[in-house]
Amino acid sequence: MVTLAEVAQHAGVSASTVSYVLSGKRSISATTRQRVEESIRELGYHPNAGARALASSRSNIIALMIPLRTDMYVPVMMEIAIAVATTARTHGYDVLLLTGEEGPDAVRRVTGSGLADAMIVMDVELEDERLPLLRGTDQPSVLIGLPADTGGLTCVDLDFGATGALCVEHLARLGHHDIAVIGEAPAVYERHTGFAERTLDGLRARARELGLGVLHRPYEGGYDAMALTLGRIFDERPGTTGFVVQNEAAVEPLLALLRQQGRAVPEDVSVVAICPDQVAVQASVRLTSVAIPAQEMGRYAVEHLVAKLEGRGSDDVVLIAPELTVRASTGPAPTAP
């Protein structure tokens, strides 16, 4: 393994000069800096991470807090995590994953230990217990998600309120008047998780404006649970012809039960999903859907965090506009017999 001393000898400078070039602690002439950087590239020198952290008071690590709960769709979470990691690497940072449900303790662990230079926080609740700690530390952070109060915070997310409204508008244009929303697991709403609450708020508000009826039912998971949920929906609202699904696990049980009941999609019932494109196109009926822009969310979060680390960023809320793709699962509402 190439050492710092070998880089210094190759560049014709002292070891301390190489160290100053790496840490940026002292001003070095452009000519000398270029010579040292060329030697580093030619020799393939990689500074020891621990030594570099001691020298610069930086770890070059970003902590990603991503609680992997059983009631969340993990593939989306991991797609965001991969986008965070690949984008961070292009900026010279590695990523430390914190996957436990530790809440404020995880924030304290990062800020108190120097494990990471900055934090990205996921699975954000409307009244998230981690927020006072994030606001009270000098360590930069970005939320992937939106709490009720975004003051003093930098947040990146899909505009879930606009997403819910967009789904309703699409069904309304097709003539549907009674809409059922099959949502996330009950625990997601009990925690007041931001994305689920905002989707519902946006959907209900737009439905009121358009004069549509909306029935919301959380979905725990499993075929039997869907049969029960669907039975309740049609018992309470027999004229339901439009469905909005915000739960990837609900897609196939819903489509299968509609088929069993003799309700054709989209001739009798239309279905819109809020889900990754992969789920939408691989469903037994290709779903009209609003995609989750996981890669953009991860990339934007890192870019805003790096800007804050470099003293260029400010507290900001970035909402990605939803895009609805029409496929085979939505059509005109059936006419009354």
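What comes next is a walk through the structure.

Reading the values: the criteria
- Residues numbered from 1 in each chain as written.
- Predicted model: local features only at pLDDT ≥ 70, side-chain atom pairs only at ≥ 80, totals over all residues.
- Heavy atoms only, no water.
- Pairing = 2+ DSSP bridges.
- Helix = DSSP H or I, 4+ residues; strand = E, 2+ residues; numbered from the N terminus.
- Axes fitted to C-alpha atoms, helices over the stretch in contact; angles between N-to-C directions.
- Contact = heavy atoms within 4.5 Å.
- Buried < 20%, exposed > 50% of the residue type's maximum accessible area, 1.4 Å probe, protein only.
- 1 Å grid on protein atoms, 1.4 Å probe; cavity = no way out; pocket = protein on both sides within 12 Å on 5 of 7 lines; lining within 4 Å.
- Points joined across faces, edges and corners; volume = space filled by probe spheres on them.
- Expected span 1.5 Å × (residues − 1).
- Core = buried A, V, L, I, M, F, W, Y, C linked by side-chain atoms within 4.5 Å.
- Domains from an automatic or database assignment.
- Salt bridge = Lys/Arg side-chain N within 4 Å of Asp/Glu carboxyl O.

**As for the sheet that holds strand β11 (residues 317–320)**
Phase 1 of the analysis: Here we have six strands laid out as an open sheet, ordered β2-β1-β3-β4-β5-β11, and parallel in their pairing. Of all strands in the sheet, those bounded by a partner on one side alone are β2 (94–98) and β11. Sheet twist, expressed as the average angle between the axes of neighbouring strands with direction ignored, equals 20 degrees.
Phase 2 of the analysis: Two strands pair when backbone bridges link them, and strand β1 (residues 61–65) and strand β3 (residues 118–121) are joined in this way by four bridges, in the parallel orientation. Following the sheet pairing, Ile 62 is matched in β3 by Ala 118.
Phase 3 of the analysis: Contacting β1, β3, β4 (141–144), β5 (155–158) and β11, helix α14 (residues 294–309) runs over the sheet at an angle of about 165 degrees to β4.

**Re the side chain of His 170**
Phase 1 of the analysis: By the element assignment, His 170 lies in helix α8 (residues 160–173).
Phase 2 of the analysis: Classification of His 170 as buried rests on a relative accessible area of 7%.

**Quick notes on empty space enclosed by the protein**
To find leftover empty space, a probe the size of one water molecule is rolled over the atoms.
Phase 1 of the analysis: In the structure shown here, the tally under the stated rule is two cavities of 30 Å³ or more.
Phase 2 of the analysis: When its volume is computed, the largest cavity comes out at roughly 330 Å³.
Phase 3 of the analysis: Along the wall of the largest cavity there are 22 residues; nearest its centre are Met 72, Val 76, Met 77, Phe 160 and Phe 195.
Phase 4 of the analysis: Elements supplying a minimum of two residues to the lining of the largest cavity: α5 (74–90) and α10 (194–210).

**Quick word on α10**
Phase 1 of the analysis: Along its 17 residues, α10 runs 24 Å from first to last C-alpha, staying within 8% of the 24 Å computed at 1.5 Å per residue.
Phase 2 of the analysis: Every buried residue of α10 is accounted for by Gly 194, Phe 195, Ala 196, Glu 197, Thr 199, Leu 200, Gly 202, Leu 203 and Ala 207.
Phase 3 of the analysis: Of the residues trailing α10, Gly 211 is marked for its positive phi of about 75 degrees.

**Section: the environment of Ala 196**
Phase 1 of the analysis: Relative to the helices and strands, Ala 196 is located in helix α10.
Phase 2 of the analysis: Note on Ala 196: relative accessible area 0%, which makes it buried.
Phase 3 of the analysis: Ignoring any residue separated from it by four or fewer positions in sequence, one finds Ala 196 in contact with Glu 184, Val 188, Tyr 189 and Gln 246.

**Some words on the nonpolar core**
Buried together is how nonpolar side chains tend to be arranged in soluble globular proteins.
Phase 1 of the analysis: By size, the foremost hydrophobic cluster in this structure holds 48 residues, and its most contacted members are Ile 80, Ile 120, Ile 144 and Val 244.
Phase 2 of the analysis: A per-element tally of this core places α14 first, with seven residues.
Phase 3 of the analysis: Counting residues domain by domain, this core receives three or more from each of domain 2 (61–158 + 294–322) and domain 3 (160–292).
Phase 4 of the analysis: Setting aside anything within four residues of it in sequence, one finds Ile 120 in contact with Ile 62, Ala 63, Leu 64, Met 65, Val 84, Val 142, Ile 144, Ala 301, Val 302 and Leu 305.
Phase 5 of the analysis: Counting 26 residues, the second largest nonpolar core, distinct from the first, contains Tyr 219, Leu 230, Leu 258 and Ala 280.

**Focus: the pairing of β2**
Regular strands show a simple pattern: their side chains alternate between the two faces of the sheet.
Phase 1 of the analysis: Looking at chain direction, β1 and β2 are connected through five bridges and run parallel. Bridging across to β2, Ile 62 finds its partner in Val 95.

**With respect to the layout of surface pockets**
Phase 1 of the analysis: Counted as a void, the largest pocket has a volume near 400 Å³.
Phase 2 of the analysis: Taken together, 20 residues line the largest pocket, and the ones lying closest to its centre are Asp 277, Ala 291, Ile 292, Pro 293 and Ala 294.
Phase 3 of the analysis: Of all elements in the fold, only α5, α13 (277–282) and α14 reach the threshold of two or more residues within the lining of the largest pocket.
Phase 4 of the analysis: Of the residues that make up the lining of the largest pocket, three or more belong to each of domain 2 (61–158 + 294–322) and domain 3 (160–292).

**Quick notes on the pattern of salt bridges**
Phase 1 of the analysis: What the rule picks out here adds up to 16 salt bridges.
Phase 2 of the analysis: A salt bridge links Arg 232 to Glu 236, with the nearest nitrogen and oxygen atoms 3.9 Å apart. Here Arg 232 pairs with Glu 236, and both are found in helix α11 (residues 223–236), just four residues apart, close to one helical turn.
Phase 3 of the analysis: Note on Arg 232: relative accessible area 41%, which makes it partly exposed.
Phase 4 of the analysis: Assessed through its relative accessible area of 40%, Glu 236 is described here as partly exposed.
Phase 5 of the analysis: Residues Asp 277 and Arg 327 are paired through a salt bridge, measuring 3.3 Å at the closest nitrogen-oxygen approach. Taken together, the positions of Asp 277 in helix α13 and Arg 327 in the segment after β12 (324–325) put the pair 50 residues apart, joining distant regions of the chain.
Phase 6 of the analysis: Residue class for Arg 327 comes out buried when judged on its relative accessible area of 16%.
Phase 7 of the analysis: Several salt bridges share partner residues, and in doing so they unite Arg 69, Asp 71, Asp 123, Glu 125 and Arg 191 into one network.

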